[in-house]
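Remarks on the overall topology
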Amino acid sequence: MKNYLIGFAICFVLVGIISAFTFRNRIYAWTLGDVQALYTEATTLYKARQYEEAVPLFEQLAGIDTAAYCKFVLGDMYYRGLTGEVDYPKAITLFKEAAELNNTDAHNNLAVMYLSGHGVQADYSKAFRHFQYGAANGNPQAQVGLGTMYRHGWGTARNSSTAFDWYRKAAAHGNVDAMNNLGYMYASGFGKMMSAESALYWYKKAAAYNHPKAQYNIGALYAEGRGVERDLQKCAEWLTKAALQGEATAQFNLGNMYYLGKGVARDLDQAAMWYSLAKEQGHRNAARFLTHLEQHQDIADLDSNFTIRLIPEN
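Residues numbered from 1 in each chain as written. Predicted model: local features only at pLDDT ≥ 70, side-chain atom pairs only at ≥ 80, totals over all residues. Heavy atoms only, no water.

Turning to unusual backbone geometry, a few remarks are in order. Positive phi is not limited to glycine here, since N102 has a value of about 70°. Relative to the assigned elements, N102 resides in the loop between α6 (88-100) and α7 (104-116). Not every positive phi belongs to a glycine, and N210 is a case in point at roughly 60°. On the basis of relative accessibility, which here comes to 47%, the residue N210 falls in the partly exposed class. (Helix = DSSP H or I, 4+ residues; strand = E, 2+ residues; numbered from the N terminus. Buried < 20%, exposed > 50% of the residue type's maximum accessible area, 1.4 Å probe, protein only.)

Written as structure tokens, this is what we have:
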């Protein structure tokens, strides 16, 4: 009888443990109280860019096993350092948890981390697989990433036609990076026949959404007279739009235009300002040219070698 009672007690405890494990997600959610109200408050703070206040709420929500979106958002805040400090280990843990729940944004961010080596050892094969999953499941940014992997042959065989197709799919979803990339593909003849007119079409579609690289690239087409009549004044106007959004290459080339008086009145103070802004973003030529300008030295052969090159795709 005693052994029977002991056996029964052990079974009872095991059943309790199994039940607790099975329902732990519900139990945890129950301890949070009104989960919907908590989620609404967290997302409201996030959209208002009040990240420091949003993080503790998302940390609570991310504890729910099935809360894929909350895990992704919290990971993204850690990844981008939106609270003032980047935390790659926390970010990748949360992205992996969200990816296991089929969150395509998490797959995309994991791909970016493996591609760039942010917080992990760079691994093109893993980057390709995560981009591939996200792209196959309709994530436009992952489609752009997968296209770029094919474009460069990273983690897969180089295939410009396949890259072009993925960019087209992403552009169909309204992705402006993809639109800019299609412009570059047409301008360079990658994946399709070279067409300056088609390049300008896609650049303008992206520029309509204030995409700085596309704005710069339209300026480059005007500088070269490709698909449009050569017009350095319009080139300067488009570069200014991109430069004001912080595009370093646009800032550097706008500095050149002011230094030489190309498309704008020559103004060394304006040249110095744009060189300085580009230098702050790590543009190496801008730092060198600014030094020459401050020391009243001519920038050798700049006039004869003046060109504005297209910015490659993202």
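Read on, since the account is not over.
Under the counting rule described, the total for this entry stands at 4 salt bridges. Of the charged contacts in the structure, one is a salt bridge between D76 and R80, with a shortest N-O distance of 2.9 Å. Placement of both D76 and R80 in helix α5 (residues 68-80) is noted, with a separation of 4 residues, approximately one turn of the helix. Residue classification places R80 among the partly exposed positions, given a relative accessible area of 46%. Among the salt bridges present, the one from K213 reaches E247, with a minimum N-O distance of 3.8 Å. Note that K213 is positioned in helix α13 (residues 212-224) and E247 in the loop between α14 (232-244) and α15 (248-260), a separation of 34 residues in sequence. By relative accessible area, K213 is classed as partly exposed at 23%. On the basis of relative accessibility, which here comes to 12%, the residue E247 falls in the buried class. (Salt bridge = Lys/Arg side-chain N within 4 Å of Asp/Glu carboxyl O.)

As a further point, take the packing of aromatic side chains. Per the stated rule, a full pass over the model turns up 14 aromatic pairs. Measuring from ring centre to ring centre gives 5.7 Å for Y46 and Y51, while their planes differ by 65°; the resulting arrangement is edge-to-face. Its relative accessible area of 18% is what places Y46 among the buried residues. For Y51, a relative accessible area of 16% corresponds to the buried category. Among the aromatic residues, ring-to-ring pairing joins F72, Y79, Y88 and F95 into one connected group. Seen from the ring of F190, R151 lies directly overhead, with NZ or CZ sitting 3.7 Å from the centre. The aromatic ring of W166 is capped on one face by K169, whose charged end is 4.2 Å from the ring centroid. (Phe/Tyr/Trp six-rings, centres within 6.5 Å; stacked < 30°, edge-to-face > 60°. Lys NZ or Arg CZ within 6 Å of the ring centre and 35° of its normal.)

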